[in-house]
Amino acid sequence: MKTKAAVVYEPGKRIEIEELDLDGPKDGEVLIRYTYAGLCHSDLHVVTGDLEARMPIVLGHEGAGIVEEVGPGVTRVAPGDHVVCSFIPNCGVCRYCATGRQSICDWGATILEGYLPGPRFPLTGPRGEYGATCMLGTFSQYGVIHQNSAVKVDDDLPLDKAVLVGCGVPTGWGSAVYTAKVTPGDTVAVFGIGGIGINAVQGARYAGAKNVVAIDPLENKREKAMELGATHAFATADEAQAAITEMTRGQGADSAILTVDLMTAEVVAAGFNAIGKGGVVVVTGLNKLMEPTIQLPGSILTLFRKDIKGSLFGDCNPTYDIPKILGLYQAGDIKLDEIITRTYTLDQVNEGYDDLLAGKNVRGIIVHEH
Ligand SMILES: NC(=O)c1ccc[n+]([C@@H]2O[C@H](COP(=O)([O-])OP(=O)(O)OC[C@H]3O[C@@H](n4cnc5c(N)ncnc54)[C@H](O)[C@@H]3O)[C@@H](O)[C@H]2O)c1
Ligand SMILES: [Zn+2]
Ligand SMILES: [Zn+2]
C-alpha cells in the first residue's frame, strides 16, 4: 500500500513529504494506522544530524493509532486495538526486559537505523529502503511495526492526548519518579521545560516534592511549569541556585533533572552545583553521541557522594508504565491536555519544528489525515 510520510534524506536539510510503499505485516509485525504523532525534540536531532541516523529515514517516534492488520504469530494486539507506540521495543526476554528494565531492551539497538529485525525495511520509495525512527516512523499515515513496540490501551482513551505517553510523558515523569527517585519533601530542580521537562515537573510534584524548581529562559515555559506543579521558576541557573540554597538552608537540591534540548557541559555543571550531598543529577536531554557533555570535578562527586545517572524513557517499563500513566491521566493526576500547544497536519511538519525551535510549543501534535 501507499503511505505519505515525513522523510529526512540528508542531515541539515528540510524535512520532505514523500509518498512511500509500505509492505504488509510479516511474522510478529503489525500494520498500524497512525492517528496522532508528537513533535519531540529527538526527531529534530535526527534532522540536524546531532543524532546520526541511517538515511533516508521516516521521522517520528511518539505515536498512537489503530491496528489494521496483524502478521502471523502476533499475540500482543489484534485488529481494531488502540495502541500507543513505545519508542523502545521490549522483547520480554533479554536480560534487561527480564529484570524490569524494558527501556534498555536489546531490541533498542537499531532505533537510529530504523529497521525491523532481519534487517527488514517495510518502507521503500524513490531512494530505496527507508528506515523508520525508533522502528516506528510515526510521521507517516501508516506503518508496519513489530508487536514489541505496540502497547494496547483502552478504547475510550482519547488517542490525541494518549499519544504523548509514547515518549514525552514517561520520559519526563519517569526521570523524576524512577531515575531521580523523588521522595516526599524533596527539593527538585528541572532544567528545560519542553515536552520532557514539563513531565519531570509533574512527576516530581506527584512523588511529593516540597520544592519543584523549574529553570527555562522562556517565560511561557516557566508559566506552564508553575501551572502544572512547579513551586518556583527561574530564567537562569544562577537565579535558581541562589533560591535553592536559600530554600534548603544551604543543603542543596536532592535532585536535578536535565531536560534541555541540547545538553551541554554548562547545563550538567549547573545541575551538579544545584544538588547537595547525596544528591543525583539525571541526564535525560541529548546531544551528539560523542560530545563530552559531562566535565565535572570528580573529587567533589566523591566527597559529596553525588550521583550522575542517564535516563532513557524515564527508566519506564512501557508495558507497565504506559497503561499506568494513562490511568493517572484519567484520574486527573497527570495533565496531558494542558501540555499540547498546537496541532499540525503532516504537511506542516517543518512549521511544527520551526515553532518548537522558536520556543512556542510545549508539545505540538501531528493529526494524521487518511
Ligand atoms: N533520554 C530519553 O529517553 C529522551 C527521550 C526523549 C527526548 N529526549 C531528549 O530530551 C531533550 C528535550 O526534549 P524536548 O522534546 O522536551 O525538547 P524541547 O525543545 O521541547 O524543550 C527544551 C527546553 O529546554 C529549554 N532550554 C534550552 N537551554 C536551556 C538552558 N540552558 N537552561 C534551561 N532551559 C533550557 C528550552 O527553552 C526548551 O523549553 C532533547 O535533547 C531530546 O532529544 C531524551
Ligand atoms: Zn521523544
Ligand atoms: Zn528485551
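In the block above lies the structure referred to throughout.
Criteria and cut-off values
- Residues numbered from 1 in each chain as written.
- Chains lettered and ligands numbered in written order.
- Predicted model: local features only at pLDDT ≥ 70, side-chain atom pairs only at ≥ 80, totals over all residues.
- Heavy atoms only, no water.
- Helix = DSSP H or I, 4+ residues; strand = E, 2+ residues; numbered from the N terminus.
- Rg over C-alpha atoms; globule rule 2.2 N^0.38 Å.
- Buried < 20%, exposed > 50% of the residue type's maximum accessible area, 1.4 Å probe, protein only.
- Contact = heavy atoms within 4.5 Å.
- Areas by Shrake-Rupley, 256 points an atom, 1.4 Å probe, with all protein chains shown as cover.
- Lys, Arg positive; Asp, Glu negative; His and termini not counted.
- Charge placed at Lys NZ, Arg CZ, Asp CG, Glu CD.
- Near = heavy atom within 4 Å.
- Polar contact = N/O pair within 3.5 Å; in protein donor to acceptor, adjacent residues only side chain to side chain.
- Nonpolar A, V, L, I, M, F, W, Y, C, P; charged D, E, K, R; others polar.
- Donors = N, O, S within 2.8 Å, 3.2 Å for Na, K, Ca; no water.
- Tetrahedral: all angles 85-135°; square planar, octahedral: opposite > 155°, others 65-115°.
- Salt bridge = Lys/Arg side-chain N within 4 Å of Asp/Glu carboxyl O.
- Pairing = 2+ DSSP bridges.

1. A look at the overall build of the protein
Link 1 in the chain: Scanning the protein for helices and strands turns up 11 helices and 18 strands.
Link 2 in the chain: Against the globule reference of 21 Å for 370 residues, the protein gives a C-alpha radius of gyration of 20 Å, in line with a compact fold.
Link 3 in the chain: With the C-alpha coordinates aligned to their principal axes, the bounding extent of the protein is approximately 65 × 40 × 35 Å.
Link 4 in the chain: The buried share of the protein, taken over its 370 residues, is 59%.
Link 5 in the chain: For the protein, contacts bridging at least 24 residues in sequence account for 72% of all contacts bridging at least 6.
Link 6 in the chain: Summed over all atoms, the accessible surface of the protein reaches about 14500 Å², with 51% contributed by carbon and sulfur.
Link 7 in the chain: In the protein, 31 positive and 45 negative side-chain charges are present, and the distance between their average locations comes to 5 Å.

2. Thoughts on unusual backbone geometry
Link 1 in the chain: The omega angle of the peptide bond from Met-55 to Pro-56 is -10 degrees, so this bond is cis rather than trans.
Link 2 in the chain: If you trace the backbone, Pro-56 turns up in the loop between helix H1 (41–48) and strand E4 (57–58).
Link 3 in the chain: For Met-135, which is not glycine, the phi dihedral falls at a positive 60 degrees.
Link 4 in the chain: Inspection of the secondary structure assignment puts Met-135 in the loop between strand E8 (128–132) and strand E9 (142–146).
Link 5 in the chain: Its identity is not glycine, yet Arg-305 carries a phi of approximately 45 degrees, on the positive side.
Link 6 in the chain: With respect to the helices, strands and loops of the structure, Arg-305 is situated in the loop between helix H9 (298–303) and strand E16 (307–310).

3. Quick notes on the site of ligand 1
Link 1 in the chain: Near ligand 1 lie 29 residues; those nearest to it are His-41, Ser-42, Asp-216, Asp-261 and Phe-313.
Link 2 in the chain: Contact distances for ligand 1 include 2.6 Å between an oxygen atom and a side-chain N or O atom of Asp-216.
Link 3 in the chain: Note that an oxygen atom of ligand 1 is positioned 2.8 Å from one of the side-chain N or O atoms of Arg-363.
Link 4 in the chain: For ligand 1, the protein covers 90% of the area, taking 870 Å² as the surface of the free molecule.
Link 5 in the chain: Here the element with the most residues in the shell around ligand 1 is H1; it accounts for 3 residues.
Link 6 in the chain: The residue inventory of the shell around ligand 1, partitioned by class, reads 14 nonpolar, 11 polar and 4 charged.

4. A closer look at the coordination of the zinc ion (ligand 3)
Link 1 in the chain: Here the zinc ion (ligand 3) is held by Cys-91 (SG), Cys-94 (SG), Cys-97 (SG) and Cys-105 (SG), and the distances to it run 2.3 to 2.4 Å.
Link 2 in the chain: Around the zinc ion (ligand 3) sit 4 donor atoms; with metal-centred angles ranging over 101 to 117 degrees, the donor geometry is tetrahedral.
Link 3 in the chain: Each donor residue of the zinc ion (ligand 3) lies on one chain, and together they are spaced C-x2-C-x2-C-x7-C.
Link 4 in the chain: Residue Cys-94 is classed as buried on the basis of its relative accessible area of 9%.

5. Observations regarding the pattern of salt bridges
Link 1 in the chain: Taken as a whole, this structure holds 17 salt bridges when the rule is applied.
Link 2 in the chain: A salt bridge links Asp-50 to Lys-288, with the nearest nitrogen and oxygen atoms 2.9 Å apart. Taken together, the residues span a long stretch of sequence, with Asp-50 in the loop between H1 and E4 and Lys-288 in the loop between strand E15 (275–283) and H9 at a distance of 238 residues.
Link 3 in the chain: Asp-50 sits in the buried class, given a relative accessible area of 13%.
Link 4 in the chain: For Asp-355, the salt bridge goes to Lys-360, with nearest N and O atoms at 3.4 Å.
Link 5 in the chain: Each member of the salt-bridge network shares a partner with another, and the members are Asp-23, Lys-26, Glu-29 and Arg-120.

6. Here we look at the pairing of strand E5 (residues 63–70)
Link 1 in the chain: Two elements, strand E3 (residues 29–38) and E5, share 7 bridges in a ladder whose sense is antiparallel. Residue Tyr-36 lies in a different strand from E5, and its bridge partner there is Ala-64.
Link 2 in the chain: Bridge count for E5 against strand E6 (residues 82–85) is 3 bridges, and the pairing is antiparallel. Directly across from Ile-66, in E6, lies its bridge partner His-82.

It is worth stressing that arrangement in space is one thing and function is another; only the former is reported here.
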